[in-house]
Amino acid sequence: MQSLLSDLRRDGPNATIDPFIYLKETITEEGICYTFNMPSQETIFRKGALHKKFNYIEDWFEFNWSGNHTPTIPIHSSGAGISTGLMLYLRQSLSDTDYMCTGFSQGYKLMLHDSKEYPQVSKRNIRIPLGHEINIALKPQMIETSKSAAAYDWKKRQCFFDYERHLRFFQHYTQDNCELECLTNMTLAICNCLPACKSTHYDLEITQSSLDIEKFMKANSVPVDNNDEKYAFTTLEIYFKESHFITSKRTELYGFVDLLANCGGLLGLFMGVSFLSLIEICYFLTIRPFSIRRKRQPRKLLSNGNDVNSSLLAVVSKKD
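Residues numbered from 1 in each chain as written. Predicted model: local features only at pLDDT ≥ 70, side-chain atom pairs only at ≥ 80, totals over all residues. Heavy atoms only, no water.

### Comments concerning the state of the cysteines
Thinking step 1. The tally for this structure, following the rule as stated, stands at two disulfides.
Thinking step 2. Across the disulfide, Cys 159 is cross-linked to Cys 197 (sulfur-sulfur distance 2.3 Å). What sets the handedness of the Cys 159 and Cys 197 disulfide is the S-S torsion sign, and at about 85 degrees it is right-handed. Separated by 38 residues along the polypeptide, Cys 159 in the loop between helix H4 (154–157) and helix H5 (175–185) and Cys 197 in the loop between H5 and strand E11 (199–210) bring together distant segments of the chain. Accessibility assignment for this pair places Cys 159 and Cys 197 in one class, buried. (Disulfide = S-S within 2.5 Å. Helix = DSSP H or I, 4+ residues; strand = E, 2+ residues; numbered from the N terminus. Buried < 20%, exposed > 50% of the residue type's maximum accessible area, 1.4 Å probe, protein only.)

As structure tokens, this is what we get:
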């Protein structure tokens, strides 16, 4: 399906720019798609992993008004709400629809994914019908893992750090990249593609309404082109629902310090034993007997000396 991207708006209704500066062609399993806010193929794939005859992802640069191309990836939103989101105006020729290729449903397919992941449109997508106005509110779901959990085996924590799992084709590990590589290697059943220890997903809230562009143009006294070519117009708005979101963190349930504290607390609760009590027990079993023995030894010698002197005095007095 061929479509004409007529307009792209970002950061306010007055910021209108050429869409092909920001939307780049990307080769997927379903053909050529357009991607937004995605790094170059040199950043995603390893060197020598792709065919040199094809350009899988076009080079993506932000264009500033001074005429210079500066690589600023990704573009960050200035806030939450529709006015700071991404708006696309899509126009589709009705004579260009093909029911043999796409089936009974006509429209567009949209996929939201992490910038480190290569898009797989056939795996999951959002259907955008023709002649509608679509609003999509995003709410990120980010999961992180503490550094202390790295000491545990990946089978226990059920995730991989980026440096733990080396992928042949991709530079960064994600579950989708791992599954795509395993499917390429035909070893999907033995790859154990677990989620990454740091990942980002999006919860979506989608609303839509019918869009009659001809009646809108007539109501606003806009001249309508009466040629034989008929088009279906679609508007798409993507924005963040809230300016802040809560991050989930995967960490160890019991560490060595927690185990020591819990054992000490249980002993103190049920037996009245504390750490000082254990030190006192060790003291009375080791040091205390030697100290008592040392104190008793001089007294015994002194008592023996008194007995000798008494006997000498008795002998001397008897001789006199």
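### Description of the packing of aromatic side chains
Thinking step 1. What the rule picks out here adds up to six aromatic pairs.
Thinking step 2. Taking 5.4 Å as the distance between ring centres and 75 degrees as the angle between the ring planes, the aromatic pair formed by Tyr 283 and Phe 284 counts as edge-to-face.
Thinking step 3. Residue class for Tyr 283 comes out partly exposed when judged on its relative accessible area of 34%.
Thinking step 4. An aromatic cluster is built from Phe 45, Tyr 118 and Phe 170, whose rings are joined through pairwise contacts.
Thinking step 5. The ring of Tyr 231 carries Arg 91 above its face, with NZ or CZ at 4.4 Å from the centroid. (Phe/Tyr/Trp six-rings, centres within 6.5 Å; stacked < 30°, edge-to-face > 60°. Lys NZ or Arg CZ within 6 Å of the ring centre and 35° of its normal.)

### What about the nonpolar core?
Thinking step 1. In this structure, Ile 44, Ile 57, Tyr 118, Phe 170, Tyr 173, Cys 178 and Cys 193 are the most contacted members of the largest nonpolar core, which totals 17 residues.
Thinking step 2. Setting aside anything within four residues of it in sequence, one finds Ile 44 in contact with Met 38, Pro 39, Ile 57, Ser 115, Lys 116, Phe 169, Phe 170, Gln 171 and His 172.
Thinking step 3. Membership of the second largest hydrophobic core comes to 15 residues, among which are Leu 23, Leu 110, Ile 128 and Ile 136. (Core = buried A, V, L, I, M, F, W, Y, C linked by side-chain atoms within 4.5 Å. Contact = heavy atoms within 4.5 Å.)

### A look at the pairing of strand E9 (residues 126–129)
Thinking step 1. The alternating pattern of E9 places Ile 126 and Ile 128 on a buried face and Arg 127 and Pro 129 on a face that is not buried.
Thinking step 2. Here four bridges tie strand E8 (residues 107–110) to E9, and the two strands are oriented antiparallel to one another. Note on E9: the bridge partner recorded for Leu 110 is Ile 126. (Pairing = 2+ DSSP bridges.)

### Some words on H5
The periodicity of an α-helix, 3.6 residues per turn, causes residues three or four positions apart to be oriented the same way.
Thinking step 1. Buried residues of H5: Asp 176, Asn 177, Cys 178, Glu 181 and Cys 182, and no others.
Thinking step 2. Met 186 sits one or two residues past H5 and shows a positive phi near 60 degrees.

### Re unusual backbone geometry
Thinking step 1. For Asn 37, which is not glycine, the phi torsion reads 65 degrees and is therefore positive.
Thinking step 2. Along the chain, the position of Asn 37 falls in the loop between strand E4 (31–36) and helix H2 (41–44).
Thinking step 3. Take Asn 37: its relative accessible area is 17%, and that puts it in the buried class.
Thinking step 4. Unlike most non-glycine residues, Gln 158 shows phi in positive territory, near 60 degrees.
Thinking step 5. Structurally, Gln 158 can be placed in the loop between H4 and H5.
Thinking step 6. Using a relative accessible area of 41% as the deciding quantity, one classes Gln 158 as partly exposed.

### Thoughts on the pattern of salt bridges
Thinking step 1. Taken as a whole and assessed by the stated rule, the structure comprises eight salt bridges.
Thinking step 2. Measuring nitrogen to oxygen at the nearest pair gives 2.5 Å for the salt bridge that ties Lys 241 to Glu 205. With Lys 241 in the loop between strand E12 (231–240) and strand E13 (248–250) and Glu 205 in strand E11, this pair connects stretches of sequence that are 36 residues apart.
Thinking step 3. Overall, Glu 205 belongs to the partly exposed group, its relative accessible area being 42%.
Thinking step 4. Where Lys 215 meets Asp 212, a salt bridge forms, and the shortest distance between an N and an O atom there is 3.9 Å.
Thinking step 5. Asp 212 sits in the partly exposed class, given a relative accessible area of 39%.
Thinking step 6. Three or more residues joined by partner-sharing salt bridges are found here, namely Glu 117, Lys 123, Arg 124, Asp 176 and Glu 179. (Salt bridge = Lys/Arg side-chain N within 4 Å of Asp/Glu carboxyl O.)

### Considering a nonpolar patch on the surface
Thinking step 1. Together, Ile 27, Ile 32 and Phe 54 make up a nonpolar patch on the protein surface, roughly 290 Å² of accessible area in all.
Thinking step 2. Relative to the assigned elements, Phe 54 resides in the loop between H2 and strand E5 (62–63).
Thinking step 3. Phe 54 gets classed as partly exposed once you look at its relative accessible area, which sits at 49%. (Patch = residues over 30% accessible without salt bridge, like charges linked within 9 Å, V, L, I, M, F, W, Y side chains within 5 Å. Areas by Shrake-Rupley, 256 points an atom, 1.4 Å probe, with all protein chains shown as cover.)

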